[in-house]
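Overview (structure and organization)
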Amino acid sequence: SLRAIRAGNQSQLGLMLVVAGVMAVVFLVLKIIEYSMLDYNWATNAYTSIMFSITGLHALHMVSMILKTGVIGYFAFRGYYNEERYEGVSSNAIYAYFVIGIWVPLYATIYLAPYLL
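The following refers to the structure shown.

Here is what the cut-offs are and how they apply
- Residues numbered from 1 in each chain as written.
- Predicted model: local features only at pLDDT ≥ 70, side-chain atom pairs only at ≥ 80, totals over all residues.
- Heavy atoms only, no water.
- 1 Å grid on protein atoms, 1.4 Å probe; cavity = no way out; pocket = protein on both sides within 12 Å on 5 of 7 lines; lining within 4 Å.
- Points joined across faces, edges and corners; volume = space filled by probe spheres on them.
- Helix = DSSP H or I, 4+ residues; strand = E, 2+ residues; numbered from the N terminus.
- Nonpolar A, V, L, I, M, F, W, Y, C, P; charged D, E, K, R; others polar.
- Phe/Tyr/Trp six-rings, centres within 6.5 Å; stacked < 30°, edge-to-face > 60°.
- Buried < 20%, exposed > 50% of the residue type's maximum accessible area, 1.4 Å probe, protein only.
- Contact = heavy atoms within 4.5 Å.
- Expected span 1.5 Å × (residues − 1).
- Polar contact = N/O pair within 3.5 Å; in protein donor to acceptor, adjacent residues only side chain to side chain.

Moving on, we come to the layout of surface pockets. Considering only enclosed or pocket space, the largest pocket measures out at about 570 Å³ in volume. The set of elements that each furnish at least two residues to the lining of the largest pocket consists of α1 (2–6), α2 (10–37), α3 (46–77) and α4 (87–116). Considering every element that reaches the lining of the largest pocket, the biggest residue donor is α2, with 9 residues. Of the residues contributing to the lining of the largest pocket, the split by class is 18 nonpolar, 6 polar and 2 charged.

So this is what it looks like as structure tokens:
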């Protein structure tokens, strides 16, 4: 979406914001499905407490990203952003890069490390 608005392509900006929002919602739905299929809960042991805390905090950041993307999308579909005025899109992209990028070490720590130790 950031690349699109820098090029002045508002229709692609809107499309990419919708795609990003849908992908974030799909991730959250998959996490909910994963949580519902577990045979333990947050109070089972220390590992599960840490796992639920970390993934829950990440899910909270995903929710905030979805809400922020929705606000940015609202303004994008109203034609607010252009190739000279796109700070909101830029800050949303930076936040999305952080939230998505931090999942890699979180996944490695929570899901892979127990099998390696």
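Let us keep going from here.
This brings us to the packing of aromatic side chains. A full pass over the atoms with the stated rule returns 9 aromatic pairs. When the ring of phenylalanine 27 is compared with that of tryptophan 103, the centres are 5.4 Å apart and the planes differ by 80°; the resulting orientation is edge-to-face. A residue pair is termed long-range when its members are at least 10 positions apart, and phenylalanine 27 in helix α2 and tryptophan 103 in helix α4 qualify at 76 residues. Ring centres of tyrosine 74 and phenylalanine 75 lie 5.3 Å apart, and the angle between their planes is 75°; this geometry places the pair in the edge-to-face category.

For lysine 31, the location among the structural elements is in helix α2. Given a relative accessible area of 9%, lysine 31 falls into the buried group. Expressed as a C-alpha distance, the spacing of lysine 31 and threonine 55, which sit 24 residues apart in the sequence, is 8.7 Å. Apart from residues lying up to four places away in sequence, lysine 31 is in contact with Trp103 and Tyr111.

Before going further, it helps to examine α3. Here α3 contains 32 residues, and its C-alpha end-to-end distance of 46 Å stays within 8% of the 46 Å for a straight helix at 1.5 Å per residue. Considered for burial, the residues of α3 that qualify are Thr48, Met51, Phe52, Thr55, His58, Ala59, Met62, Met65, Thr69, Ile72, Gly73 and Ala76. Where α3 is buried, its residues touch α2 and α4. If you check the start of α3, you find a side-chain oxygen 3.1 Å away from the backbone N of tyrosine 47, and it comes from asparagine 45. Glycine 79, located one to two residues past α3, shows a positive phi value of around 80°.

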